[in-house]
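Residue-level structural notes
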Amino acid sequence: MPMQPIHLKERAVIEIAGADARAYLHSLVTQDIMNLPAGQTCWAALLTPQGKILFDFFIHALSGEGNEERFLLDAPASRRDALITRMTMYRLRRQVTITPREDLAVAVDLAEDAAPGGAIVYADPRYAEMGTRAFLPQEAAANFAEDATAWHARRIALGLPDSDGDIGSQKLFPHEANFDCLNGVSFTKGCYVGQEVVSRMQHRTTVRNRLLPVLADAPLRTGMVITGAEKRMGEISSTADERAIALIRLDRAATALENGEPLKTEEGISIRITLPPWICFELPDPIRRTAQEAR
């Protein structure tokens with residue numbers, strides 16, 4: 001059954017334009033913008049100097065005219081103005097304009113052959129099975145559904161983090177939000193804000209905390225604490241009934257499971273970590289075994 005297009009009102013659009021736009025973005029974000037072709041999209045983040053995620057967003061390269069290049073950012077609406085303020089702070093004397101595009105909206109699950117005029121449709125660059133995203137005129141998006149419950153349930157089942165629901169601001173390092181697995185960071189580009197911390201984490205043998213999909217035997221709520229062997233193992237973030245994304249302390253969870261201690265919320269709901277299809281890192285054996293059983 002084909003998906004119906006959804007207007008994601010929780011997202012906003014920002015345009016970055018100017019002769020220095022490409023170099024400016026490249027110097028700030030985790031992705032390689034210098035090699036992002038016109039018509040292509042990437043997922044990226046702007047970090048603190050200490051390497052934590054301030055904002056995450058999608059960047060789409062438009063075709064430029066003359067020396068001017070243009071990019072559209074698909075960002076969380078709740079933090080659009082804060083993102084513009086932060087990016088303006090880094091602009092300095094560069095020939096760059098940063099403009100909120102009130103005339104544009106973000107949609108998901110829009111088929112390219114059914115897209116209205118002016119729409120830009122692309123596959124989600126994190127994981128193609130998440131479907132399509134699109135920039136399009138507000139008046140066209142007004143004809144779409146606004147209930148994104150089913151879309152978020154699919155996202156949660158696949159373990160893809162949400163800007164507001166899972167990542168937040170100044171809480172997680174890119175590896176903890178799985179940017180290394182979901183095409184959100186380049187390890188070959190030059191310097192950007194927070195790059196040294198990200199590079200050090202890439203070369204560590206393990207990352208202590210990861211956002212991972214979980215499955216429970218009862219509906220979950222955001223903020224529930226996960227425990228095991230009387231220790232805190234993690235916390236539930238975005239939820240869809242019995243499925244959720246949680247920030248898991250991997251070493252503690254592995255030790256508890258190895259010792260036969262189940263993971264539970266403080267309310268007594270049993271939690272099983274599931275294995276996301278895009279995983280690019282080695283899970284400790286006890287977690288991997290139980291994750292395979294929970295599929």
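This write-up is about the structure you can find in this document. Nothing here was measured: the structure is a model prediction, and the numbers come from that model. Counting from 1, residues in each chain are numbered in the order their sequence is written. Local features in this predicted model are restricted to residues of pLDDT 70 or higher, and side-chain atom pairs are both shown and tallied only at a pLDDT of 80 or more, whereas totals for entire chains, interfaces and linings draw on every residue. Excluded from the side-chain calculation are hydrogens and water; included are all heavy atoms of the structure.

Details of the state of the cysteines
Disulfide assignment relies on a single distance test, namely cysteine sulfur atoms paired within 2.5 Å. Under the defined criterion, the tally for this structure stands at 1 disulfide. Across the disulfide, cysteine 181 is cross-linked to cysteine 280 (sulfur-sulfur distance 2.0 Å). Residues cysteine 181 and cysteine 280 share a disulfide whose torsion about the S-S bond is about -75 degrees; that sign makes it left-handed. With cysteine 181 in the loop between helix 5 (163–167) and helix 6 (195–202) and cysteine 280 in the loop between strand 15 (270–273) and helix 8 (285–293), this residue pair connects regions lying 99 residues apart in the sequence. We classify cysteine 181 as buried; its relative accessible area is 10%. Unpaired in terms of disulfides, cysteine 42 finds its nearest cysteine sulfur in cysteine 181, a separation of 17 Å. For cysteine 42, a relative accessible area of 7% corresponds to the buried category. Of the cysteine sulfurs around cysteine 191, a residue in no disulfide, the closest is that of cysteine 42, at 18 Å. Note on exposure labels: buried denotes an accessible area under 20% of the residue type's maximum, exposed denotes more than 50%, and partly exposed covers the range between, all computed with a 1.4 Å probe on protein chains only. Under the relative-accessibility criterion, cysteine 191 is labelled exposed at 63%. Segments assigned H or I by DSSP are reported as helices when at least four residues long, segments assigned E as strands when at least two residues long, and all are numbered from the N terminus.

Some thoughts on the sheet that holds strand 7 (residues 104–108)
Note: two strands are recorded as paired if DSSP finds a minimum of 2 bridges between them. As summarised here, the arrangement of the 4 strands in space is 1-7-9-8, forming an open sheet in which the pairing is antiparallel. Either end of the sheet is taken by a strand with one partner, and the two such strands are strand 1 (6–7) and strand 8 (120–123). Judged from the 2 bridges that link them, strand 1 and strand 7 form a sheet pairing that is antiparallel. The partner of histidine 7 across the bridge, within strand 7, is alanine 107.

Structural notes on helix 2 (residues 80–91)
Between the first and last residue of a helix there are one fewer steps than residues, each counted as 1.5 Å, and that sum is the expected span. The terminal C-alpha atoms of helix 2, which comprises 12 residues, lie 16 Å apart, in line with the 16 Å expected from a rise of 1.5 Å per residue. Taken together, the buried positions of helix 2 are Arg80, Leu83, Ile84, Met87 and Tyr90. The arc that holds every buried residue of helix 2, seen down its axis, measures 125 degrees, which confines them to one face. A positive backbone phi angle near 55 degrees is found at leucine 92, which sits one or two residues after helix 2. The reported arc concerns the directions from the helix axis to the C-beta atoms and nothing else.

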